[in-house]
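One letter stands for each residue in the lines below.
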Amino acid sequence: MRVLVLGGTSEANKLAHLLAEASGISATVSFAGRTKAILAPPISCRIGGFGGVEGLIDYLKAENIDVLVDATHPFAEQISRHAEIAAKRAKIPLAVLSRPAWVRTVQDLWIDAADKTDAALALGHEPRRVFLTIGRLQIEAFAKAPQHFYLVRTIEPLALPPRLPNYRVIHGRGPFLVEAEEKLLREESIDVVVTKNSGGEAAFAKILAARNLRIPVIMVARPGEAMQAAMHDPGEVMDCILRHQLARRGV
Ligand code: NAP
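Residues numbered from 1 in each chain as written. Predicted model: local features only at pLDDT ≥ 70, side-chain atom pairs only at ≥ 80, totals over all residues. Heavy atoms only, no water.

Each strand in a sheet pairs with another by means of backbone hydrogen bonds, the pair being arranged parallel or else antiparallel. Strand order in the open sheet made by the five strands is E3-E2-E1-E4-E5, with parallel pairing throughout. Edge positions in the open sheet fall to strand E3 (44–47) and strand E5 (94–96), since each of these has one partner strand only. Pairwise comparison of adjacent strand axes, ignoring direction, gives a mean angle of 20 degrees for this sheet. Bridge count for strand E1 (residues 2–6) against strand E2 (residues 26–31) is five bridges, and the pairing is parallel. Looking across to E2, one finds that Val5 is bridged to Val29. Across the sheet, helix H2 (residues 52–62) is in contact with E1, E2, E3 and strand E4 (67–70); its angle to E1 comes to roughly 150 degrees. Across the sheet, helix H3 (residues 77–90) lies against E1, E4 and E5, angled at about 160 degrees from E4, the strand it touches most. (Pairing = 2+ DSSP bridges. Helix = DSSP H or I, 4+ residues; strand = E, 2+ residues; numbered from the N terminus. Axes fitted to C-alpha atoms, helices over the stretch in contact; angles between N-to-C directions. Contact = heavy atoms within 4.5 Å.)

Attention now goes to helix H1 (residues 10–21). Over its twelve residues, H1 extends 17 Å from the first C-alpha to the last, a length consistent with the 16 Å expected when each residue adds 1.5 Å. Residues Glu11, Ala12, Leu15, Ala16 and Leu19 constitute the buried set of H1. Along the axis of H1, the buried positions cluster into a sector of 140 degrees, meaning they face one direction only. Opposite the buried face of H1, by more than 90 degrees, sit the exposed residues Lys14 and Glu21. (Expected span 1.5 Å × (residues − 1). Buried < 20%, exposed > 50% of the residue type's maximum accessible area, 1.4 Å probe, protein only. Arc of directions from axis to C-beta.)

Let's shift gears to the domain arrangement of the protein. Here the domain parsing of the protein yields domain 1 (2–100 + 224–249) and domain 2 (110–220). Listed by partner, the interface residues are nine residues for domain 1 and ten residues for domain 2. Taken together, the links from domain 1 to domain 2 amount to zero salt bridges. Where domain 1 touches domain 2, the interface holds three residue pairs in polar contact (both at pLDDT 80 or more). (Domains from an automatic or database assignment. Salt bridge = Lys/Arg side-chain N within 4 Å of Asp/Glu carboxyl O. Polar contact = N/O pair within 3.5 Å; in protein donor to acceptor, adjacent residues only side chain to side chain.)

With that out of the way, let us pick up the site of the ligand. Around the ligand there are 23 residues in total, and Ser30, Phe50, Gly51, Gln78 and Lys196 lie nearest to it. For the ligand, whose unbound accessible area comes to 810 Å², protein coverage reaches 79%. Going through the elements one at a time, E2 and H3 are the ones with two or more residues in the shell around the ligand. The residue inventory of the shell around the ligand, partitioned by class, reads seven nonpolar, twelve polar and four charged. (Near = heavy atom within 4 Å. Areas by Shrake-Rupley, 256 points an atom, 1.4 Å probe, with all protein chains shown as cover. Nonpolar A, V, L, I, M, F, W, Y, C, P; charged D, E, K, R; others polar.)

And the structure:
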């Protein structure tokens, strides 16, 4: 049986390890190619876009893919939409694997934002020191709020300097430690943190640090209807794949 995993997340890596150990399954993980340092997966991999939804359908057919797994990031909207359409058109099952969203507790000072534009507005008129950890593709939205200082954290260096008058870029890849995040927030006199509700453990330390220091967090919600029927556990997705394998064998 042939499985294609749309990856780029730690959940996809975990699933890749499970697939590597399964017998009778040939699996490939696909990366967009945004990040240069990819952790070598234990199964075969391909890198780069498919060329839109039609390209993905062509790939599924050409490679005789039996099951498609969308294990991309919860904010990777386009590829998830493509996966849904392509699986339907290629008439193969689609399993969605997505980490659960972070949930507010009574100790948190979260301000909900619908999207990046809403988040920039939520910063308000008064100049603030902002810890911006929203992904390099989202930074442009904050050019509309130039009165603030932005400490921008990205995984990879930015191709172009952001169009922000007052900023500093630092790089970092999770998992982060709460103590280190608290130190950073204190040393940089951060007033507010801006983040997407990505969920997962690797980036959760900044949420805990903000909670401990009573710093507000502008939390950008996950896109619309996405991931409603998602599974959260790679093992659960693996069980589904194995059930499908048995069904195909007529067991
Ligand atoms: P996106 O906006 O949903 O996708 C843009 C295009 O990138 C897609 O149309 C597709 O190109 C290509 N693509 C995306 N994921 C791919 C994959 N796994 N394999 C092959 N092509 C892929 O995605 P994005 O937000 O730019 O994220 C890109 C990748 O980074 C995703 O795989 C995601 O899992 C990972 N990631 C994203 C975030 C985030 O915050 N968005 C955070 C961490 C990791 P074609 O149309 O040419 O097929």
